[in-house]
Amino acid sequence: MKFLQWSDLHLEFLEPGSDLVFPEPCAECPANSIDAILIAGDLHTGDNHVRALVEIEKTWGVPVISIRGNHEFYHGEYHEVIARQDGLARAARDQGHNVLILDRKSVILGDTRILGCTLWTDAAIHGRAEEVKFGLRMIINDYKKVLFAHEGEDETPLMDPEDTIAIHQRDRAWLLEELARPFDGPTLVMTHHLPAPELFTDAKADYAEGYGSDMRAEILPLKIDAWVTGHTHDARRGVIQGLQGPIAFSSNMSGYPDQRTNFEPYRVIDMECPTAGLEEIGIGAKRLVDFKSADEIRALLDHAPQP
């Protein structure tokens, strides 16, 4: 299977009522050269997320599989956004459009299993979640632009780091449970937030708590062929060796208008060899250099007592 991969197109920055703008088929990447399009979040806000999925599917004529990023929820209430988008996506499928939003869900396309969720962050990549929650409330727009209703409360407050940490834990538990299930074929994971410090560049390392978590001890023992992410607007791609083979990590964000993000409009992941063209990556961000390397963690896991 060959997948065209995007994230963070941020179509909400287009003029209201204007046509949606996204990469279209071309001689370099004709529509019949790919099997599906994967969009790792931050496509468009609210109902327009599904509108954009449908327009992309109509243009390319292939399935379009997405997850929600953080921006999908802006200017709405978290649970209501999910319910509306899921309903609109079902209606679009009833009308013949092959679009799907994965939120702790999986789908099999051809021989490939795709697992998708936002993942958010546990705010603990440096091991001090309690300390950083105040800072996250102050500097991360998610906690200023998204409402989050709680059962039994009369008023709907803004979303809080406590809320997203709880969602992260649910996403994480679901993902690890699904990855532990045997599957006879390639597995691709799609999350908006990052699961390993190696994926950070210097530009985003100062905000690591708001962008990702350290899941290496849990994911390196598992059979994962490719992992697609978004969110940072500073792409880093490469291979991390796992105990069951290499894991190809790839981010491909378009970003905000006029932002440089290393975006490749026609970046294709070939699941026959997802590591093609990727070099092995280590922790390069200066703020994160004190972390154990993936090599060190893999060695510890390899010698750990078996249950």
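Anything mentioned here points back to the structure above.
Residues numbered from 1 in each chain as written. Predicted model: local features only at pLDDT ≥ 70, side-chain atom pairs only at ≥ 80, totals over all residues. Heavy atoms only, no water.

So, the overall build of the protein chain
Thinking step 1. Along the backbone of the protein chain there are nine helices and 13 strands.
Thinking step 2. A globule of 307 residues ought to have a C-alpha radius of gyration of about 19 Å, and the protein chain, at 19 Å, matches this closely.
Thinking step 3. Dimensions along the principal axes, computed over C-alpha positions, put the protein chain at roughly 55 × 50 × 40 Å.
Thinking step 4. Expressed as a percentage of its 307 residues, the buried residues of the protein chain come to 54%.
Thinking step 5. In the protein chain, the share of contacts with a sequence separation of at least 24, taken over all contacts with a separation of at least 6, comes to 72%.
Thinking step 6. For the protein chain, the exposed surface amounts to about 13,800 Å²; the carbon and sulfur share of it is 48%.
Thinking step 7. Charged side chains of the protein chain number 29 positive and 51 negative; the gap between the two group centres comes to 1 Å. (Helix = DSSP H or I, 4+ residues; strand = E, 2+ residues; numbered from the N terminus. Rg over C-alpha atoms; globule rule 2.2 N^0.38 Å. Buried < 20%, exposed > 50% of the residue type's maximum accessible area, 1.4 Å probe, protein only. Contact = heavy atoms within 4.5 Å. Areas by Shrake-Rupley, 256 points an atom, 1.4 Å probe, with all protein chains shown as cover. Lys, Arg positive; Asp, Glu negative; His and termini not counted. Charge placed at Lys NZ, Arg CZ, Asp CG, Glu CD.)

Quick look at the nonpolar core
Thinking step 1. Within the largest apolar cluster, 32 residues are counted, with the highest numbers of intra-cluster contacts made by Leu175, Ile224, Trp227 and Leu288.
Thinking step 2. Mapped onto this core, the elements with two or more residues apiece are strand S7 (112–117), helix H5 (161–179), helix H7 (208–211), strand S12 (245–251) and helix H9 (294–302).
Thinking step 3. For this core, the element with the most residues is H5, which contributes four residues.
Thinking step 4. Contacts of leucine 175, omitting those with residues within four sequence positions, involve Leu115, Cys117, Val189, Thr191 and Trp227. (Core = buried A, V, L, I, M, F, W, Y, C linked by side-chain atoms within 4.5 Å.)

With respect to the state of the cysteines
Thinking step 1. If you walk through the whole model with that rule in mind, you get zero disulfides.
Thinking step 2. Of the cysteine sulfurs around cysteine 26, a residue in no disulfide, the closest is that of cysteine 29, at 6.0 Å.
Thinking step 3. Classification of cysteine 26 as partly exposed rests on a relative accessible area of 25%.
Thinking step 4. Of all cysteine sulfurs in the structure, the one in cysteine 29 sits closest to cysteine 273, which takes part in no disulfide; the separation is 18 Å.
Thinking step 5. In this structure cysteine 273 comes out as partly exposed when scored by relative accessible area, which is 42%. (Disulfide = S-S within 2.5 Å.)

Function-wise, these values are silent; they only describe arrangement.
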